[in-house]
Every structure is written in structure tokens, then in C-alpha cells.
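The chain contents come next:
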Amino acid sequence: MNGHSRLALAGKASALLAAAIAMIPAPGWTAHPTAAGRYRALESLPDFSGWWVALDFYPNAPKIEVADRFNWFVPPPLKPEGLMTYQQVVDAMIHNRDLSQWGFKPSAFCRPYRFNGLTFINLEGEMEFLFTPGRVTFTDEFGHLRRIYTDGRSLPADPEESYTGTSVGHWENGTLIVDTIGISHEASWAGDWASLPVGPGARSHERISLREPDILQIETVVTAPASLTRPFRSVILLHRDRDHVLREFRYCTDYDRDVDETGRQRFDLTPPADLPPPPSS
Amino acid sequence: MTVRERRPAASISKCLAAGAALLWALSAWAHHSYAMFDTDRTITVTGTVAKVEWANPHMSVWLYVPDPKQQSGYALYAFETGGTNMMVRMGWNKSTFPTGQKVAIDYHPLKDGRPGGAFVKATRADGSHVTGDPGADSLKALGQQHDAAAGESK
């Protein structure tokens with residue numbers, strides 16, 4: 001054995017010894033519990049991986065005719081007063097009028113949107129669906145989280161209200177079926193544009209499935225006895241973007257020049273503190 | 001100071017043709033209206049990029065525009081566009097507007113006359129273009145479509 005071989009052998013022996021030492025449990029150490037094969041159950045589920053963006057974002061998106069597809073011009077079946085406000089808000093939006101008069105804007109006060117039962121109005125932007133044993137987690141561009149328990153538990157009888165509600169789900173032939181209660185009564189039918197509350201006692205029933213390999217369909221029926229005259233059925237289509245790298249986005253980590261501390265629209269022209277000086281001519 | 005103004009009929013018709021952008025603009029991604037900006041007017045100014053605020057919910061491009069009336073010889077303009085995820089999808093990155101680059105920026109001016117507005121498009125010295133968040137024009141196009149449909153139904 002030459003010098004090089006002896007050196008190589010010594011190197012391998014050292015590596016093996018280090019690995020063996022690393023495996024020796026410290027005093028008091030006990031084996032960590034493992035998922036013990038529970039992740040294997042996920043392999044039979046449909047592939048929801050990647051980021052999902054509104055289908056309409058894509059200029060060459062396929063034209064898909066779906067009954068009850070969500071459209072801001074087709075309002076939820078709101079009670080008369082709410083319907084009038086909804087139509088006024090949408091009209092102001094498309095005519096570039098100030099929305100300040102319609103009240104509370106959660107984002108202006110560093111508060112998250114409230115889930116109103118209809119994913120992609122209040123839980124919005126780019127979305128991601130994460131599978132772990134017994135749970136599916138929805139995330140979105142703004143950092144919201146919806147935790148959908150798929151471990152067989154039932155919905156609690158009377159959960160406290162929360163920003164994203166309390167959800168359970170189960171799978172039926174590749175479709176994730178989600179039921180949600182505990183929806184905040186302040187959740188708005190008009191997103192962050194205006195306050196148009198869902199009211200107490202709202203429920204959401206969602207059926208989420210791959211319509212095509214890269215198109216996800218979310219079919220939702222929301223019942224909200226305090227604000228709707230009948231259940232609201234709506235279908236949302238999302239397009240998969242596997243390669244997108246999400247940029248961090250949270251309201252109030254940065255500065256919104258468009259809304260002041262009272263929620264009113266404006267445009268703040270205060271220059272950044274680190275603005276370089278003008279060019280020397 | 002170089003300032004040009006024009007009426008935006010052509011850009012609206014382009015937005016109407018690009019139907020995809022319309023629903024996008026009306027999604028909740030537009031978390032407010034564009035009431036601060038005069039979307040009936042598009043102005044062009046030429047200047048030097050001072051800074052890009054890579055920020056959410058809106059990015060801003062700051063521009064030094066030559067102005068002999070100012071003591072420094074420059075007026076400072078601010079142009080707002082979409083948030084970082086939206087603009088990355090439109091092809092922007094942190095080096096899209098290096099500090100010191102000369103550009104001409106088309107924008108919808110602030111209604112109150114202050115120097116700035118909603119970013120529409122930038123043209124670099126080599127003729128290449130960078131477009132901004134189409135929200136303001138798309139919303140306006142939606143409004144025009146809506147009004148036209150309402151007029152026909154009467």
C-alpha cells in the first residue's frame with residue numbers, strides 16, 4: 001500500500017468513526033417519533049404543488065365556460081342594502097373614484113384580510129396548497145394561512161370567530177371537500193375595497209379539484225343568513241405556475257404610500273430617506 | 001423640463017383587446033381604486049432614475065427630472081406601480097432601472113398637480129420599453145365597457 005492509499009484509507013476510517021459517533025445517543029436521549037409511513041398516504045392524492053394564480057392573469061389562458069364563474073359584476077345575492085353598497089363600490093372602483101367613504105380597510109391598519117368563505121376574494125393573490133399527514137394548508141401571497149384538517153375530526157359546535165375560520169376537509173375521488181365555520185362576521189364581500197360584512201353565522205362549502213393538469217377549480221357555496229338572501233355559489237379557476245419563486249409580501253412590513261393612517265386614499269410623495277442626490281451636471 | 005401630454009385612446013383600445021388584464025385589474029389585487037390619478041391624461045417626462053423602491057404593496061420609481069426652476073436643477077418625481085410579485089411576473093427585477101439610468105416615463109399624473117403619478121411605461125435610451133401595472137387603464141376600460149353595455153340596455 002503506497003502513501004496515497006494509506007491516506008485515503010485513513011480518511012475513510014475517520015469519516016466512518018465520525019458518523020458512528022454522531023449516531024451514539026446522548027445520555028437521556030430517546031428516539032424521536034417519526035411519521036412512520038404516514039406521508040405515504042399523501043402519494044395517492046392529486047398533485048396540487050406549485051403556485052396558483054388567477055387564470056385570467058394569463059393572456060393566452062384557455063377559454064373555459066363554467067356556470068357561476070366568479071365575476072365582480074355578478075354580485076353575491078345580497079340583501080337590498082348590501083347589494084346597493086356592493087354596486088356602488090364596484091362602480092366607484094371601475095370609474096377610479098375614491099373608496100374611502102366605504103369604511104374600514106384592513107390593510108391600512110396592518111390587519112389581515114378576513115376570509116369570507118370564498119377563497120380568492122379575501123384569501124387572494126398567488127396561492128399554494130401544502131399537504132401534510134392529516135392536514136392541507138392553504139397559503140397565499142400575503143402570508144395568510146388556512147389550516148384544513150383532513151384527519152377525520154368533526155367541526156366544533158361553536159368555534160370562536162377568526163380571520164380564516166375553522167375548517168375540516170376530506171378527499172373524495174381526487175376532490176378536496178372543505179367545510180368552514182367560525183368565519184369572522186366582519187369579513188367583507190368587497191374584499192379590502194370596502195366594509196360590507198358577511199355577518200354572523202356564515203358557512204362555506206368548497207370542492208377543490210384539478211380540472212385540467214394545470215388548472216385548479218374551486219367551487220364554493222357560501223351561506224350567510226345575515227347578509228345573503230340565498231346561498232351563493234361561485235367557481236374560481238386558477239392556473240399553476242410551478243417555477244415561480246414567491247417574493248415576500250406582507251402589508252405593513254413595507255410602506256403603503258396610497259393609504260393614510262385613517263384608511264383614506266392619498267399618494268404620499270415623501271422621498272425615501274436614502275435617496276441619492278441629484279446627478280451633477 | 002421635458003413634459004409631453006397626450007390622450008390615451010389607443011392604449012385603452014389595447015386594454016380592451018387584452019381582456020385577460022381586465023378581470024385581473026378588478027381582482028382584489030387592486031386593493032384600492034386609482035382615484036388619486038388622472039387616468040384621462042398620459043404625460044411623458046424624461047429624467048434620471050434616482051431610486052426604485054422595491055416594496056409592497058406598491059413599488060415606486062423615483063426620477064430626477066431636469067428643471068431649471070429648482071435650486072438643484074432637478075424636480076423629483078415619483079411613479080407608482082404594482083407590488084413585487086405582480087411586477088416580477090411582468091418581467092421586472094431589481095436591475096430593471098439602475099440608479100442613474102436615463103429614461104422617459106409615461107404616467108397618469110396626480111390630480112392635485114404634484115410631480116408624480118401612476119407608472120404606465122418607461123422607454124430607455126436604447127428604445128427598449130418597460131410597462132407598469134396595467135390596473136389603472138384596465139379599470140378604466142372596464143368602466144367604459146360597463147357604461148357602454150348599460151347604455152345599450154336602455
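Each remark here, short or long, concerns the structure printed above.
Keep in mind it's a predicted model, so treat the numbers as computed, not measured.

Participant: Can you lay out the pattern of salt bridges for me, pointing to particular residues and giving the numbers?
Facilitator: As enumerated under the stated definition, the model contains 16 salt bridges over all chains in all. A salt bridge links B:Arg89 to A:Asp241; its shortest N-O distance comes to 2.8 Å. Here A:Asp241 lies in strand 9 (residues 232-241) and B:Arg89 lies in helix 3 (residues 84-89), a pairing that spans two chains. Judged by its relative accessible area of 19%, B:Arg89 is buried. On the basis of relative accessibility, which here comes to 17%, the residue A:Asp241 falls in the buried class. Where B:Arg41 meets B:Asp38, a salt bridge forms, and the shortest distance between an N and an O atom there is 3.8 Å.

Participant: Please provide a residue-by-residue account of the environment of A:Arg146, values included.
Facilitator: Residue and element names in this part refer to chain A. For Arg146, the position within the fold is in strand 4 (residues 145-149). Overall, the relative accessible area of 1% leaves Arg146 in the buried class. The spacing of Arg146 and Tyr163 is 17 residues in sequence and 9.2 Å in space, taken between C-alpha atoms. Among the polar contacts made by the side chain of Arg146, one reaches the side chain of Ser167 at a distance of 3.5 Å.

Participant: Describe the interface of chain B and chain A, with residues and values.
Facilitator: Each partner contributes to the interface: chain B provides 50 residues, whereas chain A provides 55 residues. Where chain B packs against chain A, one counts four salt bridges. Among the salt bridges present, the one from B:Lys51 reaches A:Asp274, with a minimum N-O distance of 3.2 Å. Counting across the interface, chain B meets chain A through 16 residue pairs in polar contact (both at pLDDT 80 or more). If you list the elements that add at least two residues to the side of chain B that touches chain A, you get helix 2 (19-26), strand 2 (42-53), strand 3 (60-66), strand 4 (74-80), helix 3 and helix 4 (135-153) of chain B. Of the residues belonging to the side of chain B that touches chain A, the class tally is 26 nonpolar, 16 polar and eight charged.

Participant: Any details on the environment of B:Arg41? Residues and values, ideally.
Facilitator: Here B:Arg41 shows up in the loop between helix 2 and strand 2. Note: C-alpha distance between B:Arg41 and B:Pro134 (93 residues apart in sequence) is 15 Å.

What counts and what doesn't
Residues numbered from 1 in each chain as written. Chains lettered and ligands numbered in written order. Predicted model: local features only at pLDDT ≥ 70, side-chain atom pairs only at ≥ 80, totals over all residues. Heavy atoms only, no water. Salt bridge = Lys/Arg side-chain N within 4 Å of Asp/Glu carboxyl O. Helix = DSSP H or I, 4+ residues; strand = E, 2+ residues; numbered from the N terminus. Buried < 20%, exposed > 50% of the residue type's maximum accessible area, 1.4 Å probe, protein only. Polar contact = N/O pair within 3.5 Å; in protein donor to acceptor, adjacent residues only side chain to side chain. Contact = heavy atoms within 4.5 Å. Nonpolar A, V, L, I, M, F, W, Y, C, P; charged D, E, K, R; others polar.

By themselves, these figures tell us nothing about what the structure is for.
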